[in-house]
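Residue-level structural notes
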Amino acid sequence: MNLRSPAFAILFSVSLIAAAGNMALQSVLPAIGREFRLADTLVAAAFAISALMWTVASPFWARLSDRLGRKKVMMIGLGGFILSMSGFGLAATAGLEQWLGAGLAFILMAVARGIYGVFGSAAPIASQAYVADRTKPEQRTQAMSLLASAQGLGTVIGPTFAPLLVLPVVGLAGPMYAFALFGALVLLVVWRRLPSGEVTRVPSPSGRRADKGLWKDPRVRDFLLYGLLVTGAQAINISVLGFHVIDVISQPGAGPDEALPFISIAMFAGAAATLLAQWGLIPLLRLQAADLMRWGAGLAMFGNILTVLAPGYYGVVVGYAVVSMGVGFARPGFTAGSSLSVGPHEQGAVAGLMMSLAGLSFLGPPVIGVALYELAEPAPFIANALLLAVATALCFISPRLRRGPPDLPDRDETPSPETPPASQPGPEGNR
């Protein structure tokens with residue numbers, strides 16, 4: 001597959017719009033929760049519901065993409081994204097304008113997130129499998145890394161534009177309406193322009209359940225365990241960030257919506273640090289999968305320690321940026337490593353596992369992290385440092401992570417300068 005082709009540009013846009021929309025939502029959700037006077041843990045629970053459905057649905061979409069085709073499943077996922085964002089916006093507007101009580105409006109917002117949980121994983125799974133179908137093993141890391149770089153770019157665009165989309169008529173719900181519209185435009189482009197059918201998808205030996213038992217397969221098991229530790233820690237950082245910024249900059253008489261630009265700046269700093277790693281440091285240092293995982297977990301651990309040692313708004317921003325840079329290193333390492341460790345007929349299944357992993361990381365950790373934050377401000381960051389210390393140790397203890405993916409003929413897993421790895425997920429992870 002030509003990485004400069006229009007088809008790859010379309011796949012890039014699918015990942016970009018999903019990441020941007022979810023990070024925009026993440027930036028405004030704490031302010032909405034505080035306007036509704038809801039407990040912070042209850043707000044985090046809305047994403048946990050979505051993550052549960054994401055985890056359950058991901059293997060189904062992986063299998064369906066093998067049978068129905070990558071393009072059709074991608075379109076289903078985009079449709080779910082549009083319905084979820086628009087539904088969330090309508091529910092938020094109804095609550096903020098007091099057309100409905102805050103409790104009922106929040107329930108409807110949770111239902112809208114549930115819709116995304118069911119359908120949202122379809123598009124990234126189909127996109128990853130689409131690329132895997134059309135690349136040779138020696139091209140896989142390069143292609144997957146560039147596709148993932150859309151996520152890093154999306155996490156810049158989403159929180160940067162979110163404050164600009166909080167308009168007088170639609171208020172805090174404005175970003176949701178805007179990204180629902182952008183998603184509809186991308187869906188139209190996928191339908192009209194994305195090629196399909198020219199590649200024969202190789203069915204799995206089991207016929208239908210290639211993902212069954214793959215999570216405990218020794219080829220990918222340690223990559224998945226590492227990924228769960230890293231993405232779980234990052235999920236805590238993302239979920240706590242908005243509440244932390246609101247509390248750090250709070251002034252008497254100020255509303256939660258006034259903190260939105262400061263939340264966006266913090267998220268922008270994290271995304272920029274991720275892109276610095278992706279588009280600068282990784283190509284310059286020519287790091288391979290095993291190196292990416294070691295450096296990634298170590299940097300993310302240091303970022304959480306820094307947040308504890310340097311309280312205040314600037315400490316929050318710098319700490320989050322270092323965490324984001326670390327995850328920008330780590331995710332391409334374990335994603336490409338797991339893909340390269342299995343055969344062509346298992347690519348749809350391993351893509352489904354990666355999406356299930358993303359859902360699992362946002363199932364319990366955000367609620368636990370926000371609950372720890374309500375207990376004591378440094379608590380979630382200390383817990384994260386411990387999780388990431390375990391992930392770093394695993395890189396040296398596990399023979400498979402220490403060596404990286406098995407060598408294949410003519411394969412060079414070092415990213416080229418033109419296609420640096422990238423990833424910074426939104427609320428459900430890898431997009």
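Residues numbered from 1 in each chain as written. Predicted model: local features only at pLDDT ≥ 70, side-chain atom pairs only at ≥ 80, totals over all residues. Heavy atoms only, no water.

1. As for the overall build of the protein
Convention followed: Each helix is a run of DSSP H or I of at least 4 residues and each strand a run of E of at least 2, with the numbering of both proceeding from the N terminus. A 1.4 Å probe rolled over the protein chains alone gives each residue an accessible area, and that area as a share of the maximum for its type sets the label: buried under 20%, exposed over 50%, partly exposed in between. Contacts are assigned to residue pairs that have any heavy atoms within 4.5 Å of one another.
Helix and strand counts for the protein stand at 15 helices and 0 strands. Classification of the 431 residues of the protein by burial places 61% in the buried group. Within the protein, residue pairs in contact and separated by at least 24 positions form 86% of the contacts whose partners lie at least 6 positions apart.

2. Let's talk about the environment of Thr 392
When you line up the elements, Thr 392 lands in helix 14 (residues 379-397). Taking the C-alpha atoms as reference points, Thr 392 and Val 230, 162 residues apart in sequence, are found 9.4 Å from one another. Other than its neighbours up to four places away in sequence, Thr 392 contacts Ala 297 and Gly 298.

3. Focus: the packing of aromatic side chains
Centre-to-centre distance and the angle between the planes together describe a pair of aromatic rings. Just so we agree on the cut-off: In this scheme Phe, Tyr and Trp rings, the latter by its six-membered ring, pair at centre separations within 6.5 Å, and the angle between planes marks the pair as stacked below 30 degrees, edge-to-face above 60, and tilted otherwise. Remark: a charge is flagged as sitting over a ring if the NZ atom of Lys or the CZ atom of Arg is within 6 Å of the ring centre and within 35 degrees of the ring normal.
A complete count under the given rule lists 7 aromatic pairs for this structure. Here Phe 60 and Trp 61 contribute two aromatic rings whose centre-to-centre distance is 5.0 Å and whose plane-to-plane angle is 65°, an arrangement assigned as edge-to-face. The class of Trp 61 is buried, set by a relative accessible area of 5%. Here the aromatic residues Phe 60, Trp 61 and Phe 119 are joined through ring pairs into a cluster of three or more. Note that Arg 134 overlies the ring of Tyr 130, its terminal NZ or CZ placed 3.6 Å from the centroid. One cation-aromatic arrangement involves Arg 192 over Trp 191; the distance from NZ or CZ to the ring centre is 5.7 Å.

4. Re the environment of Tyr 116
Along the chain, the position of Tyr 116 falls in helix 4 (residues 102-119). Classification of Tyr 116 by relative accessible area gives buried; the value is 1%. For the pair formed by Tyr 116 and Phe 47, sequence separation is 69 residues and the distance between their alpha carbons is 9.9 Å.

5. Notes on the packing of helix 1 (residues 6-35) against helix 3 (residues 70-96)
Our working definition: Think of each axis as a best-fit line through the C-alpha atoms, taken over the contacting stretch in the case of a helix, with angles from 0 to 180 degrees between the N-to-C directions. Here the word oblique covers every angle except those under 35 degrees (roughly parallel), over 145 (roughly antiparallel) and from 65 to 115 (roughly perpendicular). Put simply, a crossing is left-handed when the front helix is turned counterclockwise from the back one by less than a right angle, and right-handed when it is turned clockwise. All residues other than Ala, Val, Leu, Ile, Met, Phe, Trp, Tyr, Cys, Pro, Asp, Glu, Lys and Arg, Gly among them, are scored as polar; the first ten of these are nonpolar and the last four charged.
One way to put it is that helix 1 packs onto helix 3 with a least axis distance of 12 Å and a crossing angle of 20°. Between helix 1 and helix 3, the angle falls in the class roughly parallel. For the crossing formed where helix 1 meets helix 3, the hand is left-handed. On the side of helix 1, the interface is formed by Leu 11, Val 14, Ile 17, Ala 18, Gly 21, Asn 22, Leu 25, Leu 29, Ile 32 and Glu 35, while helix 3 contributes Met 74, Leu 78, Phe 81, Met 85, Phe 88, Ala 92 and Leu 96. Taken together, the residues of the contact of helix 1 with helix 3 sort by class into 14 nonpolar, 2 polar and 1 charged.

6. What about unusual backbone geometry?
With phi around 60°, Arg 37 is a residue other than glycine that occupies positive phi space. Note on placement: Arg 37 falls in the loop between helix 1 and helix 2 (40-68). The phi angle at Gln 98 is positive, at roughly 65°, despite the residue not being glycine. Structurally, the position occupied by Gln 98 is in the loop between helix 3 and helix 4.

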